[in-house]
Amino acid sequence: FARMFVQVCLYFYCKCLWRCLKFVVRKLTGQCELQRICYNTKPGAARTMKIEASLKGSKSKRLQTSVNVHPDAIEKTIDDIMELKRINPDVNPQLGVSLQACLLQIVGYRNLIAEVEKLRREPYDSENPQHEEMLLKLWKCLKPNSPLKARISKQWCEIGFQGDDPKTDFRGMGLLGLYNLVYFAEWDTEIAQQVLTDSLHPKYREVTKKELSQLSKAEWEKKKFDKAIGYSFAIVGINITDLAYNLLVSGALKTHFYNVAPEAPTLTHFQQTFCYLMHEFHKFWIDEDPLDIMEFNRVREKFYKRILRQLQNPEMALCPHFAASESLINM
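Residues numbered from 1 in each chain as written. Predicted model: local features only at pLDDT ≥ 70, side-chain atom pairs only at ≥ 80, totals over all residues. Heavy atoms only, no water.

Draft legend 1. Highlighting the overall build of the chain. Helix and strand counts for the chain come out as 16 helices and zero strands. Counting every position in the chain, which comprises 331 residues, the buried fraction comes to 43%. Long-range contacts, defined here as pairs at least 24 residues apart, represent 69% of the contacts in the chain between residues at least 6 apart. Summed over its atoms, the accessible surface of the chain is roughly 18,600 Å², and 56% of this surface lies on carbon and sulfur atoms. (Helix = DSSP H or I, 4+ residues; strand = E, 2+ residues; numbered from the N terminus. Buried < 20%, exposed > 50% of the residue type's maximum accessible area, 1.4 Å probe, protein only. Contact = heavy atoms within 4.5 Å. Areas by Shrake-Rupley, 256 points an atom, 1.4 Å probe, with all protein chains shown as cover.)

Draft legend 2. Region of interest: the pattern of salt bridges. Counted under the stated rule, the structure contains 18 salt bridges. Taking the shortest distance from any N to any O, the salt bridge between Lys76 and Asp80 comes out at 3.0 Å. Taken together, the residues span about one helical turn, with Lys76 and Asp80 both in helix α5 (residues 74–84) at a distance of four residues. A residue is classified by how much of its surface remains accessible, and Asp80, at 22% relative accessible area, is partly exposed. Here Glu288 ties to Arg298 by a salt bridge, and the two come within 3.2 Å at their closest N and O atoms. Placement of Glu288 in helix α14 (residues 267–288) and of Arg298 in helix α15 (residues 296–311) is noted, with a sequence separation of 10 residues between them. When salt bridges with common partners are traced through the structure, they connect Glu288, Glu295, Arg298 and Lys302 into a single cluster. (Salt bridge = Lys/Arg side-chain N within 4 Å of Asp/Glu carboxyl O.)

Draft legend 3. Inspection of the side chain of Glu280 at higher detail. Tracing the backbone shows Glu280 in helix α14. On the accessibility criterion, Glu280 (15% relative accessible area) is buried. Each residue touching Glu280, except ones within four places of it in the same chain, is listed here: Phe303 and Arg306.

Draft legend 4. Local environment of the confidence of the model for the chain. Residues of the chain with pLDDT of at least 70 account for 83%, and the chain-wide mean is 87. Taking the mean pLDDT of every element in the chain, the minimum, 34, falls on helix α16 (residues 326–329) and the maximum, 98, on helix α12 (residues 233–249). (pLDDT = per-residue confidence, 0-100.)

Draft legend 5. Quick peek at the nonpolar core. In terms of nonpolar packing, the biggest core is built from 86 residues, with Ile51, Leu138, Leu178, Leu247, Phe270 and Leu277 touching the most fellow members. Examining the composition of this core, we find that 11 residues originate from one element, helix α6 (residues 93–121), more than from any other. Mapped onto the domain boundaries, this core takes at least three residues apiece from domain 1 (32–121) and domain 2 (129–312). With residues up to four places along the chain from it excluded, the contact list for Ile51 reads Leu34, Ile37, Cys38, Leu99, Cys102 and Ile106. (Core = buried A, V, L, I, M, F, W, Y, C linked by side-chain atoms within 4.5 Å. Domains from an automatic or database assignment.)

Draft legend 6. Examining helix α2 (residues 33–40) more closely. Of all eight residues that make up α2, six are buried, and the element is covered over most of its length. Within α2, the full set of buried residues consists of Glu33, Leu34, Gln35, Arg36, Ile37 and Cys38.

Draft legend 7. Local environment of the packing of aromatic side chains. Per the counting criterion, the structure on display carries 15 aromatic pairs. Plain terms: the ring middles of Trp139 and Trp156 are 5.6 Å apart, the flat faces sit at 75 degrees to each other, and that makes the pair edge-to-face. Of this pair, Trp139 sits in helix α7 (residues 129–142) while Trp156 sits in the loop between α7 and α8 (174–187), and the two are 17 residues apart along the sequence. Comparing Trp139 with Trp156 shows no difference in burial state: the two are buried. Consider the rings of Phe281 and Trp285, whose centres lie 6.2 Å apart with planes at 40 degrees: the pair is tilted. Of this pair, Phe281 and Trp285 are both found in helix α14, four residues apart, which corresponds to roughly one turn of the helix. Classification of Phe281 as buried rests on a relative accessible area of 1%. Of the residues examined, Trp285 reaches a relative accessible area of 2% and is grouped as buried. Through successive ring pairs, a cluster of aromatic residues spans Tyr231, Phe281, Phe284, Trp285, Phe296 and Phe303. (Phe/Tyr/Trp six-rings, centres within 6.5 Å; stacked < 30°, edge-to-face > 60°.)

Rendered as structure tokens:
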């Protein structure tokens, strides 16, 4: 009964009292909710997410659908919003600019999900020259001084594929996994090569006295004789692609993208985020110092939860060095 009473109260509050409260505040301030958000919240994820929630929660269908318009229709949509809210654009010129920046991010995020999903669903085709060219580029970027002797070769295991032909490893993430790995190897070459080297030849990490006291006798015996654990670079890259994909489609990456992309987030932003996640996961793996490779899923899940916690901060930017210029961010 108590639960039902609370639900009825919440429903009544959301449907009636909240709208009444907004009406009263507008009369007192002379500003609608969109104006108050834009004027009182600094640019970035905090503002864009509030604008998105306000539009989606509006009783007007025109405002609800404004978050799903085509990018080319955003200017017309802004005019419709201003007209519907009876806002004079000559008196509030900055409002239109701010709303446009927010809508570009909101619509762009939705379009990015569609683009990423398309790549994920496209399987690797060894008969496609472009696919083969990308795969060979990955090898050249990671192993520039070691020519590939044959297309089907055990050499692929040197960069972390499972067998003689990498095409079978792309099944889960399709072309998206290959796109991300190539981007990492091509644009963050030095880091990618170092991560690859470390994954093949992992370094020992000193066990502190505190950690030693927490290890069971069986764990200590195992750790004492085991070498530091490496991993398969390419397979982990595909796995981290899956992690980045889940962050994207769940909406968790909105915080990051709305803070670093002044307008619509693009595939490049997604690939830059993948590079960051690969580098951070590598450091996280070393710090976790797993007993064996069978602990991969546990370490991955712990890493995923850490990233989710970081993204709950509306000011969070996972890789701020990819942020746009200050002049664009301050719109």
